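# Residue-level structure breakdown
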Amino acid sequence: MSQIAFYIFRFALIVFGFVCATFAASLFLNLLWLGSTEAIGSEGPFLYSTVPIFATMIGYSVFIPACILILFAELTAWRDLLFYALGGAATAVVIIVWKWRPQTEDIDTFAAILATGVVGGFVYWLVSGRSAGLVMPPRSGGPTV
């Protein structure tokens, strides 16, 4: 595999990991919200419609901070689960403070969004983060410089 093909594959894996993380975070946030309401019996159609919508909103909101975190992890080859989980939580806090600017001190909502960030970071680590920063092995048989 050439270097270009390897980097294209790595980029596709990063994008796929980000999409999986946003959908997992959306599902987790929907299940938290569903558990706190009285709509427990009607979760089927509800989840089919709200999970993609929430995933789109989450992906749009966290794109820039997540890109910075992913770029740092790829450049430093950081593959630790705790780094990605805490990075997801930090991304959630940045989004809460930067974009939404909460007017009230609702600790339940803050905790739910923080936990959602941890879940997103964990799923990203499962899909893409465990192999962060891997480079192609050098070709054998050629001259070494």
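Reference entry: report on the structure contained in this document.

## Here's the deal with the overall build of the protein
Secondary structure assignment for the protein yields 4 helices and 0 strands. Ordered by position from the N terminus, the helices and strands of the protein form the series α-α-α-α. Out of the 145 residues belonging to the protein, those deemed buried represent 34%. The long-range share in the protein, meaning contacts at least 24 apart out of those at least 6 apart in sequence, stands at 80%. In the form shown here, the protein has an accessible surface area of approximately 9500 Å², with 75% of it arising from carbon and sulfur atoms.

## Quick notes on the nonpolar core
Within soluble globular proteins, side chains that are nonpolar generally end up buried alongside one another. Counting residues in hydrophobic clusters, the biggest one holds 9 residues: Ile14, Ala21, Ile70, Ala73, Phe83, Tyr84, Tyr124, Trp125 and Ala132. Those elements that place two or more of their residues in this core are helix 1 (3-35), helix 2 (43-76), helix 3 (81-100) and helix 4 (107-127). Leave out the neighbours within four places in its chain, and Tyr124 touches Ile14, Gly17, Phe18, Ala21, Ile70, Glu74, Tyr84 and Gly129. Of all hydrophobic cores here, the second largest spans 8 residues; its members include Phe18, Ile58, Ala66 and Ile95.

## Thoughts on the packing of aromatic side chains
Following the criterion strictly, the structure yields 8 aromatic pairs and no others. On the numbers, 6.1 Å between centres and 45° between planes, the contact of Phe72 with Phe83 is tilted. Taken as a pair, Phe72 in helix 2 and Phe83 in helix 3 lie far apart in primary sequence, 11 residues in all. Assessed through its relative accessible area of 14%, Phe83 is described here as buried. Here the aromatic cluster, defined as three or more aromatic residues joined through ring pairs, consists of Phe72, Trp78, Phe83, Tyr84 and Tyr124. It is Arg130 that lies over the ring of Trp125; its NZ or CZ is 5.6 Å from the centre.

## Description of the pattern of salt bridges
Evaluation of the coordinates by the stated rule reveals 1 salt bridge. The partner of Arg10 in a salt bridge is Glu74, with the nearest N and O atoms 2.6 Å apart. Taken together, the residues Arg10 in helix 1 and Glu74 in helix 2 connect sequence positions 64 residues apart. An identical accessibility class is assigned to Arg10 and Glu74; each is buried.

## A word on helix 4
Taking 1.5 Å of rise per residue, 21 residues should cover 30 Å, and helix 4 covers 30 Å from first to last C-alpha, within 8% of that figure. Buried residues of helix 4: Ala112, Ile113, Thr116, Gly117, Gly120, Gly121, Val123, Tyr124 and Trp125, and no others.

Parameters at a glance
Residues numbered from 1 in each chain as written. Predicted model: local features only at pLDDT ≥ 70, side-chain atom pairs only at ≥ 80, totals over all residues. Heavy atoms only, no water. Helix = DSSP H or I, 4+ residues; strand = E, 2+ residues; numbered from the N terminus. Buried < 20%, exposed > 50% of the residue type's maximum accessible area, 1.4 Å probe, protein only. Contact = heavy atoms within 4.5 Å. Areas by Shrake-Rupley, 256 points an atom, 1.4 Å probe, with all protein chains shown as cover. Core = buried A, V, L, I, M, F, W, Y, C linked by side-chain atoms within 4.5 Å. Phe/Tyr/Trp six-rings, centres within 6.5 Å; stacked < 30°, edge-to-face > 60°. Lys NZ or Arg CZ within 6 Å of the ring centre and 35° of its normal. Salt bridge = Lys/Arg side-chain N within 4 Å of Asp/Glu carboxyl O. Expected span 1.5 Å × (residues − 1).

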